[in-house]
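Examination of the molecular architecture
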Amino acid sequence: MHVQKAPEEIRNTSLTRLGTPRVRLRRGGFRMSANNWLLLVLGLVILAVGFDAFRGMQKSTLEQVDASQKPEDYNPPFKKGEVIPEIGLAGNEKGTDGKGLPDVDGKPRRLADLVKKDTLITFACGCAACKAYQTFLGEVLPKLGPNRPDVVTITTQRPEGEKAWKRDTKLPQVILYEPSQGVTGKLYRGHPCPRGFFVDGQLRAKWWTDNMEIVKAPDVIGTTTAKELGLPDKMPKVEAGSPGVVVGPEAAAPSPGIGPNAVPAGHGPGDGHGH
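Fair warning: this is a prediction, and the values are worked out from it, not measured in the lab. (Residues numbered from 1 in each chain as written. Predicted model: local features only at pLDDT ≥ 70, side-chain atom pairs only at ≥ 80, totals over all residues. Heavy atoms only, no water.)

**Remarks on the nonpolar core**
With 28 residues, the main nonpolar core has Ile84, Leu111 and Tyr188 as its most contacted residues. For this core, the secondary-structure elements that each account for two or more residues are helix H4 (111-114), strand E7 (119-124), helix H5 (128-140), strand E8 (150-155), strand E9 (174-177), helix H7 (183-188), strand E10 (195-199) and strand E11 (205-208). In this view, Leu111 contacts Ile84, Pro85, Glu86, Ile87, Ile121, Val152, Tyr188 and Leu203; residues no more than four positions away in its chain are not counted. Core analysis: the next-biggest nonpolar cluster, separate from the first, contains 17 residues, Leu137, Val151, Leu229 and Leu231 among them. (Core = buried A, V, L, I, M, F, W, Y, C linked by side-chain atoms within 4.5 Å. Buried < 20%, exposed > 50% of the residue type's maximum accessible area, 1.4 Å probe, protein only. Helix = DSSP H or I, 4+ residues; strand = E, 2+ residues; numbered from the N terminus. Contact = heavy atoms within 4.5 Å.)

Quick look at the structure:
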């Protein structure tokens, strides 16, 4: 006796024969087998893992480098109370040639000749963070009166920007120049800048600020500097897009006063190099 199948049974049979996953269709909904539920869950897990991996790829190169670095990697090669190493244009990770760095006139200057009292040695470029830090120093250091330290800045910005830099920051200082990725900056772990090192008249290290790679905010560097100097002042946060120093198109050309020691083109004021 031939029994005619109901329309629903015909659909299920056809789907099964065609190799379609067993999904029983019903009016008003559907029901999946246990295997199909397992496949669905597994697919969602794979999708979630893939999305997380994609987000990881979106992290900046700096963030990826941070993950491989430890705070102690940014410690300078000396301890508190020790004499800091002399600066220079040549050398390696163990020390420089000790011949000093050029000033705006191209004259080599050594720390041994410059430091005769408590001195704050800062590392900077021409970016907004460095400019804000030094402007803050220009505001708070006069409060120390006769105990005010001298300031020596080692910078990767163009020498042509010195006049504008001193005018804008209002910070009396001696500025010395080295190329981006220079030996002295690497030796001191001065970059990313700004960073400050405080020494006495015998060049013995008394304290220093953290590296920007650790604190991520120049205002923390400034506030720490003030605190170490016994000042209650707090440095304002640096707003995004704040200008550095700009001295015009001539900053792109090598400085005739520096000669072979000139900072390479493209590492001028406001370009952010040295960070």
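**Looking at the packing of H5 against helix H6 (residues 162-169)**
Two numbers describe how H5 lies on H6: the axes approach to 8 Å, and their chain directions differ by 55°. The pairing of H5 with H6 is recorded here as oblique in orientation. Each of Cys130, Lys131, Gln134, Thr135 and Gly138 in H5 lies in contact with H6, whose residues at this interface are Trp165, Asp168 and Thr169. For the contact of H5 with H6, a count of residues per class yields two nonpolar, four polar and two charged. (Axes fitted to C-alpha atoms, helices over the stretch in contact; angles between N-to-C directions. Parallel < 35°, antiparallel > 145°, perpendicular 65-115°, else oblique. Nonpolar A, V, L, I, M, F, W, Y, C, P; charged D, E, K, R; others polar.)

**Regarding the sheet that holds E11**
Judged by pairing direction, the sheet is mixed, and its five strands sit side by side in the order E9-E8-E7-E10-E11 without closing on themselves. Each edge of the open sheet is held by one strand with a lone partner, namely E9 and E11. Strand-to-strand twist in this sheet, taken as the mean axis angle between neighbours without regard to direction, amounts to 20°. For E7 and E8, the ladder comprises six bridges, and the chain directions are parallel. (Pairing = 2+ DSSP bridges.)

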